[in-house]
Amino acid sequence: SACASGGLPPPQTGVLKISPQAEMDDDVAISGRDPKQVLKRKGLVTFNFKGGLGRRQTDMMKGGLSRRQSDVSRRSLQSVASTTVPSAGYEGRGAYREARAVKCVRVLVVILLIAAAAVVTSLTYHYVRQNERNDFEHSYTEAVNRLISVIRIRKDSMVAATRSFSEVFTTQYRDSHYNSTTYSDQGWPFVTMPNFEKQVRGLMEISKGRAFEFSPIIRENDRLAWEMYALDQAHVVNASQEQIAEGIYMKSEDNSVISATGNYPGARYQGLFSPVWQIEPTQTNSKAFLFDLRSQIDRRRAVDDMIQFKIPTLTSILQLVQDAGIRPSAILFSPVFRDLSRVEVVGSTLLVFNWDVVLEKILPNNIRGVVVVMSTNTGQSFTFEINGDDVSVLGEGDFHDTKYEKHEVTFHVSLGKEESFVDKANKAVV
């Protein structure tokens with residue numbers, strides 16, 4: 001413009017504008033178009049002169065540019081294009097790549113965190129589970145050892161209670177003679193312990209027994225005389241005259257009361273009776289007076305083993321008539337001897353007890369679900385479940401969970417040091 005007018009144009013002021021959507025285009029068609037508008041559309045840097053153009057300049061713009069001016073303008077545009085700010089499209093693509101990279105890193109970090117959490121959780125689970133298994137096995141072992149120890153202690157207490165009272169009978173009546181010639185001139189079997197209930201009460205508490213009894217051995221030739229003696233001494237044992245008058249009895253197959261015979265099929269001893277003579281407590285056992293213990297096979301085996309081997313014996317598992325529901329029980333016999341030579345057995349002291357009482361109040365309340373299967377050499381088995389202090393009977397048979405068989409512990413209960421005699425007694429055929 002300065003060359004065309006022959007002088008310099010007046011100074012102008014301008015404002016720099018930059019479009020964020022600029023794109024470079026070297027092949028701009030200038031002819032017939034407004035360069036300012038072309039530059040604006042293409043996003044190039046332009047100067048907007050607030051003072052405007054002179055008339056001559058305006059006319060020149062309107063009339064078009066000469067060839068020389070066109071070339072100068074093209075070179076000016078190329079120079080301007082070479083100095084333009086890079087377009088925002090390139091910046092957007094770079095920012096996108098960066099954002100994508102950041103996102104990938106974040107995803108990778110999350111995956112690593114999840115994997116680490118899974119590994120830590122798995123290791124923690126196996127560690128805790130192993131500790132729980134170890135705690136379970138340790139607690140179970142302690143519980144079983146405590147059970148075995150306490151059961152043996154209680155068994156020893158029961159044996160000691162019956163044996164000690166048997167010794168009282170042996171020592172007190174070893175030289176006794178019954179004065180009345182009506183019955184016999186011999187002390188045994190005509191023996192009655194005065195204040196029986198008071199003497200055995202403490203023994204029952206120690207042994208946790210249900211009943212304590214004394215039973216003499218009566219031979220067939222002494223039966224009638226002894227029954228007369230029992231009728232005469234009924235008041236001493238707190239029995240009724242009517243019941244004693246019936247004599248030594250047994251139960252028939254239909255559970256009716258009949259006179260005992262003393263001769264039982266398969267028994268080792270014939271013509272022998274073992275009637276219940278003294279018992280505590282009498283209130284719940286009054287019907288037991290003069291019942292022949294040898295009339296039932298499970299009791300007879302224990303009595304005959306005691307007579308033969310002269311040691312304490314135990315019946316198989318019994319169901320007492322006093323119990324309505326299933327409650328495994330047993331009777332422990334200890335021999336009473338005629339004198340201190342301990343050759344002839346003339347009677348026995350008996351302790352009646354329930355097996356659930358033997359198992360209760362042993363384990364702490366946090367130990368629960370311990371299953372005890374009690375088996376006898378006669379083929380009987382009963383299952384108990386121990387939950388802390390409480391014991392419940394699951395029923396007759398073996399109901400333990402087979403998946404815990406690897407933790408099974410078996411132990412045998414012996415009634416004394418004479419284990420060889422006990423083994424022989426257990427093998428005896430009734």
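Only a predicted model underlies this, so the values are computations on that prediction, with no experimental measurement involved.

Q: Just give me the short version of the overall build of the chain, but keep the residues and values in it.
A: The helix and strand tally for the chain stands at 11 helices and 15 strands. Relative to its 430 residues, the chain shows a buried fraction of 37%. Considering only contacts in the chain between residues 6 or more positions apart, those separated by 24 or more positions represent 63%. Of the accessible surface of the chain, which amounts to about 25700 Å², a share of 54% is contributed by carbon and sulfur atoms.

Q: Please provide a residue-by-residue account of the nonpolar core, values included.
A: Core analysis: the biggest nonpolar cluster contains 78 residues, and F169, F212, W226 and W277 have the highest contact counts within it. Here the element with the most residues in this core is helix α5 (residues 88–172); it accounts for nine residues.

Q: A description of the sheet that holds strand β13 (residues 368–375) should follow, citing residues and the corresponding values.
A: Read across the sheet, three strands follow the order β13-β14-β15 without closing on themselves; strand pairing throughout is antiparallel. Looking at the sheet topology across the chains shown, the edges are occupied by β13 and β15 (390–396). Direction aside, neighbouring strands of the sheet carry axes that sit 25 degrees apart on average. Taken together, the six bridges between strand β14 (residues 381–387) and β15 define a ladder with antiparallel strand orientation. Looking across to β15, one finds that I386 is bridged to V391.

Q: Tell me about helix α9 (residues 297–309), residues and numbers included.
A: Since the α-helix advances by 3.6 residues per turn, residues separated by three or four positions end up pointing in the same direction. With 13 residues, α9 extends 18 Å from end C-alpha to end C-alpha; this agrees with the ideal 18 Å at 1.5 Å per step. Counting buried positions along α9 yields 10 of 13 residues, so the element is predominantly enclosed. Of the residues one or two after α9, K310 is the one with positive phi, at around 60 degrees.

Q: Summarise the packing of aromatic side chains; cite the residues concerned and give the values.
A: We describe a pair of aromatic rings using the distance from one ring centre to the other and the angle between the two ring planes. Considering all chains together, one arrives at 12 aromatic pairs under this definition. With centroids separated by 5.3 Å and ring planes inclined at 90 degrees, the aromatic side chains of F165 and F169 adopt a geometry described as edge-to-face. Here F165 pairs with F169, and both are found in helix α5, just four residues apart, close to one helical turn. Its relative accessible area of 3% is what places F165 among the buried residues. In this structure F169 comes out as buried when scored by relative accessible area, which is 0%. Centroid distance Y229 to W277: 6.3 Å. Interplanar angle 45 degrees. Geometry classified as tilted. Here Y229, found in helix α7 (residues 223–232), pairs with W277, found in the loop between β7 (272–273) and β8 (278–280); they are 48 residues apart in sequence, far enough to count as distant. Residue classification places W277 among the buried positions, given a relative accessible area of 0%. Taken together, the aromatic side chains of F165, F169, Y173, W188, F196, F212 and F214 make up a single cluster linked through ring pairs.

Q: Explain the environment of G187 to me, using residue names and the numbers behind them.
A: Within the secondary structure, G187 is located in the loop between α5 and α6 (196–207). Using a relative accessible area of 3% as the deciding quantity, one classes G187 as buried. Here the alpha-carbon distance between G187 and R338, two residues 151 residues apart in the chain, equals 9.1 Å.

Q: Any details on the confidence of the model for the chain? Residues and values, ideally.
A: Across the chain, the average pLDDT comes to 79, with 72% of residues at or above 70. Low pLDDT, under 50, characterises residues 80–85; the predicted model gives this stretch seven contacts beyond four residues in sequence or across chains.

Q: For the pattern of salt bridges, give the residues involved together with the corresponding values.
A: Under the definition given, this model contains 10 salt bridges. The salt bridge partner of E167 is R342, with a shortest N-O separation of 2.6 Å. With E167 in helix α5 and R342 in the loop between β11 (328–337) and β12 (345–354), this pair connects stretches of sequence that are 175 residues apart. One salt bridge in this structure joins D356 and R327, with 3.0 Å as the shortest N-O distance. Highlighted residues: D356 in helix α10 (residues 355–359) and R327 in the loop between β10 (318–319) and β11, separated in sequence by 29 residues. Through salt bridges with shared partners, one network takes in R268, R301 and D305.

Q: Account for the environment of V343, with residues named and values stated.
A: Tracing the sequence through the fold places V343 in the loop between β11 and β12. For V343, a relative accessible area of 56% gives the class exposed. Each C-alpha atom, one on V343 and one on I307, is 9.9 Å from the other, the two residues being 36 residues apart in sequence.

Q: So what about the side chain of T192? Which residues, and what values?
A: Summarising the element assignment, T192 is placed in the loop between α5 and α6. Beyond its immediate sequence surroundings of up to four residues, T192 is in contact with Y173, Y229, Q233, V236, V237, W277 and Q278.

Rules behind the numbers
- Residues numbered from 1 in each chain as written.
- Predicted model: local features only at pLDDT ≥ 70, side-chain atom pairs only at ≥ 80, totals over all residues.
- Heavy atoms only, no water.
- Helix = DSSP H or I, 4+ residues; strand = E, 2+ residues; numbered from the N terminus.
- Buried < 20%, exposed > 50% of the residue type's maximum accessible area, 1.4 Å probe, protein only.
- Contact = heavy atoms within 4.5 Å.
- Areas by Shrake-Rupley, 256 points an atom, 1.4 Å probe, with all protein chains shown as cover.
- Core = buried A, V, L, I, M, F, W, Y, C linked by side-chain atoms within 4.5 Å.
- Pairing = 2+ DSSP bridges.
- Axes fitted to C-alpha atoms, helices over the stretch in contact; angles between N-to-C directions.
- Expected span 1.5 Å × (residues − 1).
- Phe/Tyr/Trp six-rings, centres within 6.5 Å; stacked < 30°, edge-to-face > 60°.
- pLDDT = per-residue confidence, 0-100.
- Salt bridge = Lys/Arg side-chain N within 4 Å of Asp/Glu carboxyl O.

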